[in-house]
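Each chain, letter by letter, is given below.
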Amino acid sequence: MRSLTLESATEERPAAQERRLPRLHVKAFTGGAIVLVFILAGIFGPGLAPADPNKQELTAMLKAPQGIGSAHALGTDNLGRDILSRVIHGSRVSLMVAFAVVFVSGFIGISLGAISGYFGGKIDFTIQKLVEVVWAFPPLLLGITIMAFLGQGLFNLILALVAQRWIPYCRVVRGQTLSLRSRDFVTAAQCLGATHRQIITRHVIPNLIQTSLVIGTFAMASSIIAEASLSFLGVGVPPEIPTWGTMLADARIYISTAWWLPLFPGLCIFITVLGINLLGDALRDLLDPRLKRTGTGI
Amino acid sequence: MASYLVRRLAGTVPVLLLISLLVFLLIHAAPGDPTLLLLGEETNAAQVELAKQRWGLNQPLYIQYLKFLQSAAVGDFGRSFKYTEPVMRVIMSRLPATIELAVVAIIIATVLAIPLGVWAGSRPNSWIDNLGTTFGLFGISMPSFWLAIMLILLLAGILNILPTSGRSTYGVAGPAQTGFYILDSILQKNWRALWDGLTHIFLPALALGVNMLGILMRVTRSAILEVMNEDYVQTARAKGLQEKKVVWRHVTRNALIPVITVVGLELGTLLSGSIIVETVFSWPGSGSLLITALNARDYPLVTGLVMTYTAAFVSINLIIDGLYAVVDPRIRY
């Protein structure tokens with residue numbers, strides 16, 4: 001989540017430019033399709049899943065994957081629960097947590113960033129000090145600490161993940177607001193007697209949406225991995241809720257005996273994050289190539 | 001330059017103070033009584049009272065914090081509840097393992113990522129570029145702990161060629177000198193121990209380094225792409241230099257600055273990534289120590305570890321800032 005730059009095709013040669021657009025489309029399409037599949041799986045999960053994700057079938061423990069059409073296409077875990085059903089249900093919780101984190105941190109980060117950049121002075125100083133303190137924690141460590149002391153649970157998890165994820169929004173938005181503040185349309189609005197609040201919500205924030213969208217995509221990718229990491233360490237989602245992270249945590253002691261236990265949930269995380277990153281790359285190239293220098297990445 | 005660094009150094013003091021307060025409050029907001037956890041269920045009130053008195057847990061919170069600050073200033077975080085040893089000693093005994101792991105991870109990542117990035121960036125849209133870009137994307141999207149599990153499964157479980165836990169085979173390593181096993185075995189010319197250490201460290205370091213590898217590769221590629229358009233690159237070509245020399249001598253050296261930034265920033269990610277990778281590989285470093293300490297609600301140890309990690313992170317950022325000037329003489333503070 002701390003990469004400074006993310007690559008993009010910036011070469012200026014005519015030959016390269018000709019090929020740049022199709023490449024962008026391929027990225028956007030592939031990424032979009034992957035993300036869409038998982039979102040649909042998340043929404044329609046309960047209807048799609050062949051079995052109850054928590055139903056234990058003790059006569060069918062640790063069954064290897066049997067292929068499409070059989071009772072347990074992706075096998076069963078140590079309690080005889082159907083892995084396919086758990087993976088599908090897992091996408092629901094994992095994506096819900098990630099979406100919540102992205103929206104809450106986006107809201108906090110954009111608001112604070114816009115306020116910080118618009119008002120400047122003491123307000124700016126205070127908010128930037130806060131940014132500095134929170135950002136001084138190594139990533140994940142703050143999340144682990146919060147979770148360990150507040151206890152497991154979806155709400156705490158979202159809180160722990162938001163704790164640092166609003167920072168990239170705040171930094172980028174502040175920078176942009178600083179330049180927006182002196183633009184003519186803001187001055188015009190001020191002359192017409194608009195309040196600060198009106199100017200920020202009606203004139204400043206709409207101009208920040210595109211950039212924030214790109215930051216949000218990368219925040220989404222990092223949230224999914226962070227949620228899985230915390231759940232894997234046993235300080236994330238409570239163990240009874242199936243998510244990709246808790247499934248991996250359950251699988252830990254069966255690594256050497258049942259390869260399908262860790263394979264499928266991990267593959268889901270990897271493919272989803274890959275799709276989101278592809279989408280983010282394409283979005284950034286399309287909307288704002290300058291963003292690649294602002295530290296919004298993974 | 002020196003005054004800049006001093007100013008930056010002074011600026012980190014309030015940040016560290018605020019962090020210590022935050023960590024302290026967070027720990028004390030936690031549910032669950034550490035005394036009960038440590039003494040077990042079978043204790044009477046008098047014993048609990050005695051333990052609280054000994055650890056100073058019955059004093060008001062602000063006094064506990066001030067006491068903590070006073071001793072933290074000299075690196076004393078008190079005694080670990082669990083190990084009944086000074087916190088700093090416990091951390092120091094585990095730190096070399098983590099540093100060793102991180103260093104090997106960085107080496108693996110940079111040695112693979114920079115040539116790949118340079119290669120990809122100097123031939124945009126070629127097959128090597130496409131391969132490199134895909135590789136980079138895979139790298140940043142890979143959850144490192146899942147890669148760790150899969151590596152254990154494949155290389156250790158099925159092929160059975162590499163060890164999957166710990167730092168060395170029992171009895172192979174010589175006496176500890178520096179605490180860094182690989183360095184120790186080289187110093188003692190104990191080649192068997194060196195090989196043993198390398199086989200133990202390879203998988204965890206690879207898993208830990210994979211995200212950095214992806215990011216570095218992407219950053220190197222885009223930095224190279226940018227520099228390739230500079231005038232002096234045209235000049236170098238115009239005077240008839242071989243393309244290889246142009247790329248490695250003129251382009252790569254100028255593209256290194258963002259790459260160094262990212263190595264620095266990723267060091268922090270690496271530090272926290274080590275928490276989870278160490279847990280998977282039972283690597284006896286400070287990361288797995290943190291998880292143990294958290295589960296035991298070992299307040300002093302957790303505080304000490306979080307402060308150590310944060311201080312390390314803050315100083316790394318500081319060092320990286322200083323390094324810019326070394327790499328790029330145009331930058332003056």
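In what follows, the structure referred to is the one given above.
Residues numbered from 1 in each chain as written. Chains lettered and ligands numbered in written order. Predicted model: local features only at pLDDT ≥ 70, side-chain atom pairs only at ≥ 80, totals over all residues.

Enquirer: Tell me about the overall build of chain B, residues and numbers included.
Expert: When its secondary structure is counted, chain B shows 13 helices and zero strands. Along the chain direction, N to C, the helices and strands of chain B fall in the order α-α-α-α-α-α-α-α-α-α-α-α-α. Principal-axis analysis of the C-alpha atoms gives chain B an extent of 85 × 55 × 40 Å. The contacts of chain B with a sequence gap of at least 6 include a subset with a gap of at least 24, amounting to 73%. (Helix = DSSP H or I, 4+ residues; strand = E, 2+ residues; numbered from the N terminus. Contact = placed C-beta atoms within 7 Å.)

Enquirer: Give me the overall build of chain A: which residues, what numbers.
Expert: Broken down by element type, chain A carries ten helices and zero strands. Each helix (α) and strand (β) of chain A, taken in turn from the N terminus, gives the series α-α-α-α-α-α-α-α-α-α. Put simply, chain A has 298 residues, and 52% of those count as buried. (Buried ≥ 20, exposed ≤ 12 C-beta atoms within 10 Å, placed from the backbone.)

Enquirer: Break down helix α8 (residues 209–232) of chain A for me, citing the residues and quoting the values.
Expert: Residue and element names in this part refer to chain A. Compared with an ideal rise of 1.5 Å per residue, which puts 24 residues at 34 Å, α8 spans 34 Å between its outermost C-alpha atoms and is within 8% of the ideal. The buried count for α8 comes to 21 of 24 residues, which makes it a mostly enclosed element. Positive phi appears at G234, one or two residues downstream of α8, with a value of about 85°. (Expected span 1.5 Å × (residues − 1).)

Enquirer: Explain the environment of A:G280 to me, using residue names and the numbers behind them.
Expert: Among the structural elements, A:G280 can be located in helix α10 (residues 260–287). Expressed as a C-alpha distance, the spacing of A:G280 and A:A219, which sit 61 residues apart in the sequence, is 9.7 Å.

Enquirer: Please give an account of unusual backbone geometry that cites residues and values.
Expert: Residue and element names in this part refer to chain A. Here L140, not a glycine, exhibits a phi torsion of approximately 80°, which is positive. Mapping L140 onto the fold places it in the loop between α3 (121–135) and α4 (141–150). Look at L140 and you get buried, because 25 C-beta atoms sit within 10 Å.

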